[in-house]
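# Observations on chain architecture
Each chain, written out:
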Amino acid sequence: AWLCLEFSICRFADRHGHIDTGQLQAALQQALDSADQLFDHLYWRDRAQRSDAISNRRIGFDLRGIGDLVLLRGADPADIRCLSYLDRLIASVHECLWSRSHGLANERGLLPALAERDPSRNPGLADQRHSWQSRWQAALSSVAVRHRNLLIMSPYSVMPQGGAGDRRDF
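As the structure is a prediction and not an experimental result, all values here were calculated from the model.

Turning next to the packing of helix 3 (residues 66–73) against helix 4 (residues 80–108). In the contact formed by helix 3 and helix 4, the axes pass within 12 Å of each other and the chain directions differ by 130 degrees. In terms of axis orientation, helix 3 runs oblique to helix 4. Every pair of crossing elements has a handedness; the one defined by helix 3 and helix 4 is right-handed. Between helix 3, through Ile66, Leu69, Val70 and Arg73, and helix 4, the contact on the second element is made entirely by Cys82, Tyr85, Leu86, Leu89 and Ile90.

This next bit is on the packing of aromatic side chains. Taken as a whole and judged by the stated rule, the model has 2 aromatic pairs. Here phenylalanine 7 and phenylalanine 61 contribute two aromatic rings whose centre-to-centre distance is 6.2 Å and whose plane-to-plane angle is 75 degrees, an arrangement assigned as edge-to-face. Of this pair, phenylalanine 7 sits in strand 1 (residues 2–8) while phenylalanine 61 sits in strand 2 (residues 58–64), placing them 54 residues apart in sequence. Using a relative accessible area of 2% as the deciding quantity, one classes phenylalanine 61 as buried. Judged by centre distance (5.8 Å) and plane angle (50 degrees), the ring pair of phenylalanine 39 and tryptophan 44 falls under tilted. Tryptophan 44 gets classed as buried once you look at its relative accessible area, which sits at 13%. Directly above the aromatic system of tyrosine 85 lies the positively charged group of arginine 73, at a separation of 3.7 Å from the ring centroid.

Quick notes on the rules
- Residues numbered from 1 in each chain as written.
- Predicted model: local features only at pLDDT ≥ 70, side-chain atom pairs only at ≥ 80, totals over all residues.
- Heavy atoms only, no water.
- Axes fitted to C-alpha atoms, helices over the stretch in contact; angles between N-to-C directions.
- Helix = DSSP H or I, 4+ residues; strand = E, 2+ residues; numbered from the N terminus.
- Parallel < 35°, antiparallel > 145°, perpendicular 65-115°, else oblique.
- Left-handed = near helix turned anticlockwise from the far one by under 90°.
- Contact = heavy atoms within 4.5 Å.
- Phe/Tyr/Trp six-rings, centres within 6.5 Å; stacked < 30°, edge-to-face > 60°.
- Buried < 20%, exposed > 50% of the residue type's maximum accessible area, 1.4 Å probe, protein only.
- Lys NZ or Arg CZ within 6 Å of the ring centre and 35° of its normal.

All we've got here are geometric facts, nothing functional implied.
Printed below as a string of structure tokens:
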């Protein structure tokens, strides 16, 4: 049970391939907020899908346009500097989404699959329940999220939209 949203990184680039990171991050955060609200109103026909949707809240941002961005930048995709730039860019997209999901977990509740894993709920730990609850709450306050997955990519997203064409072009 997934809610997938496609987005092209090139929508946030100028004609030279420079990304407006502020605009990109604002759009990602706003889109995740909207997707999170929409998720609660989706109809899942199958009982297993419904159960998975409730427990895992899988929202996937399908990153597109990486190859097109390389072309806009006039970069060589075989150059380690180009690969390092793309690695940092994609990591920042991932971090933005996870950070916002963490914020939404604090505002609207955490991922139910995480809540179900609370070790203090184990009846065999009655003597240590308070200690486990404290540890669990500390861990959740720093890393809890509201969604699973968040960033998905197709191998085709690294190719320019018009195809690879001349190998020197990409």
